[in-house]
Amino acid sequence: MADTLDVIAVEDLADVAWFPDSKQPLLASWLTGVSRTLDVVLGPIVQRAVTDQLDGGREVVLLSKWPIATFTSVTEYSGSASTVLTAESPGTISGNRYLLSDGGILRRRNGGGDMCWAAGRRNFFVAYNAGRYADTGSIDARYTTAALMMLRNLVTRELSGGTATFGGPEITFPGATYAVPRAVLEMFPDEVQNAPGIG
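Here the structure is a predicted model, which means the values were calculated and not measured. (Residues numbered from 1 in each chain as written. Predicted model: local features only at pLDDT ≥ 70, side-chain atom pairs only at ≥ 80, totals over all residues. Heavy atoms only, no water.)

Caption draft 1: Layout of the nonpolar core. Residues Val 7, Leu 13, Phe 19, Leu 38, Tyr 143, Leu 151 and Val 184 are the most contacted members of the largest nonpolar core, which totals 26 residues. The element that contributes the greatest number of residues to this core is helix α1 (residues 27-42), accounting for seven residues. If we ignore the near neighbours within four places in the chain, the residues touching Phe 19 are Gln 24, Leu 27, Trp 30, Leu 151 and Val 155. In this structure, Val 74, Tyr 98, Trp 117 and Phe 124 belong to the second largest nonpolar core, which totals 14 residues. (Core = buried A, V, L, I, M, F, W, Y, C linked by side-chain atoms within 4.5 Å. Buried < 20%, exposed > 50% of the residue type's maximum accessible area, 1.4 Å probe, protein only. Helix = DSSP H or I, 4+ residues; strand = E, 2+ residues; numbered from the N terminus. Contact = heavy atoms within 4.5 Å.)

Have a look at this one:
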């Protein structure tokens, strides 16, 4: 079954020659796994609604997902009193505002200057849509190509294992590979948020 965050539609892979017929039942789950991994490494690709509940007491916070497509609301609580903030833009610097910087950094603003969010634990809420594309059908070819490279990498790993016997039962050795090939990371030099580790 297709996932709403898949980078490629399963039906678009029906004629891929390198994907073996014996693995077709796994195609949808592998594609979702590849898409979710790309999401972690590059940040959201397909847009989705996110709500972060964050701690106050400092001027800047890092949102959990970025890039940000649109904000729904930013609400800060000081005790039981709530304040709904609006986006700061040139010419709108008075009052309670927020300002989004690159990398998902959200600043609390008032009167054209930075100020601290109200002190507290999990006392302000940010609702927004994170992601680059509205749906799977509108995704740029770079991302679908990266997903295909990762999927092919997984298929290669599954099919390239060897076996050996050492005077006992047969042991299977899967082909060694990484889920995210270096070539995929190099396609997105300015977008990698969480580089996969080695080990």
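Once the structure has been displayed, the description carries forward.
Caption draft 2: Just the pairing of strand β4 (residues 81-87), in detail. Looking at chain direction, strand β3 (residues 68-78) and β4 are connected through five bridges and run antiparallel. In the strand pairing of β4, Glu 76 is matched with Thr 83. Between the end of β3 and the start of β4, which pair antiparallel, lie two residues, with Gly 79 showing a positive phi angle near 70 degrees. Relative to strand β5 (residues 96-101), β4 is paired through two bridges, and the arrangement is parallel. In the strand pairing of β5, Ala 87 is matched with Tyr 98. (Pairing = 2+ DSSP bridges.)

Caption draft 3: How the structure looks around the environment of Pro 44. Here Pro 44 shows up in the loop between α1 and β1 (48-54). The exposure class assigned to Pro 44 is buried, which follows from its relative accessible area of 3%. When the C-alpha positions of Pro 44 and Ala 130 are compared, they lie 6.2 Å apart, and in sequence the two are 86 residues distant. Among residues more than four places away in sequence, those in contact with Pro 44 are Asp 39, Lys 65, Trp 66, Pro 67, Ala 130, Gly 131 and Arg 132.

Caption draft 4: Focus on the side chain of Thr 75. With respect to the helices and strands, Thr 75 occurs in strand β3. Overall, Thr 75 belongs to the buried group, its relative accessible area being 12%. Beyond its immediate chain neighbours, meaning those up to four positions away, Thr 75 contacts Ser 82, Thr 83, Val 84, Asn 123, Phe 124 and Phe 125.

Caption draft 5: Main features of the pattern of salt bridges. For the structure shown, the criterion picks out 11 salt bridges. Between Asp 39 and Arg 48 there is a salt bridge whose closest N-O contact spans 2.8 Å. Its relative accessible area of 11% is what places Asp 39 among the buried residues. Residues Glu 88 and Arg 109 are paired through a salt bridge, measuring 3.0 Å at the closest nitrogen-oxygen approach. Of this pair, Glu 88 sits in the loop between β4 and β5 while Arg 109 sits in strand β6 (residues 105-110), and the two are 21 residues apart along the sequence. The pair Glu 88 / Arg 109 is uniform in exposure class, with both members buried. Salt bridges sharing common partners tie together Glu 88, Arg 107, Arg 109 and Asp 114. (Salt bridge = Lys/Arg side-chain N within 4 Å of Asp/Glu carboxyl O.)

Caption draft 6: Looking closely at α1. For α1, which comprises 16 residues, the first-to-last C-alpha distance of 22 Å matches the rise-based estimate of 22 Å (1.5 Å per residue) to within 8%. Leu 27, Ala 28, Trp 30, Leu 31, Thr 32, Val 34, Ser 35, Leu 38, Asp 39, Val 41 and Leu 42 are the residues of α1 that are buried. Among the residues trailing α1, Gly 43 stands out with phi positive, at a value near 90 degrees. (Expected span 1.5 Å × (residues − 1).)

Caption draft 7: Representation of the packing of aromatic side chains in the model. Under the defined criterion, the tally for this structure stands at six aromatic pairs. With a centroid separation of 6.1 Å and an interplanar angle of 50 degrees, the aromatic rings of Phe 71 and Tyr 128 are classed as tilted. Of this pair, Phe 71 sits in strand β3 while Tyr 128 sits in strand β8 (residues 124-130); the two residues are 57 residues apart in sequence, bridging distant segments of the chain. Note on Tyr 77 and Phe 125: the rings are 5.8 Å apart at their centroids and 85 degrees apart in plane angle, and the pair reads as edge-to-face. Of this pair, Tyr 77 sits in strand β3 while Phe 125 sits in strand β8, and the two are 48 residues apart along the sequence. Residue class for Tyr 77 comes out partly exposed when judged on its relative accessible area of 32%. For Phe 125, a relative accessible area of 29% translates into the label partly exposed. (Phe/Tyr/Trp six-rings, centres within 6.5 Å; stacked < 30°, edge-to-face > 60°.)

By themselves, these observations are geometric and do not establish any function.
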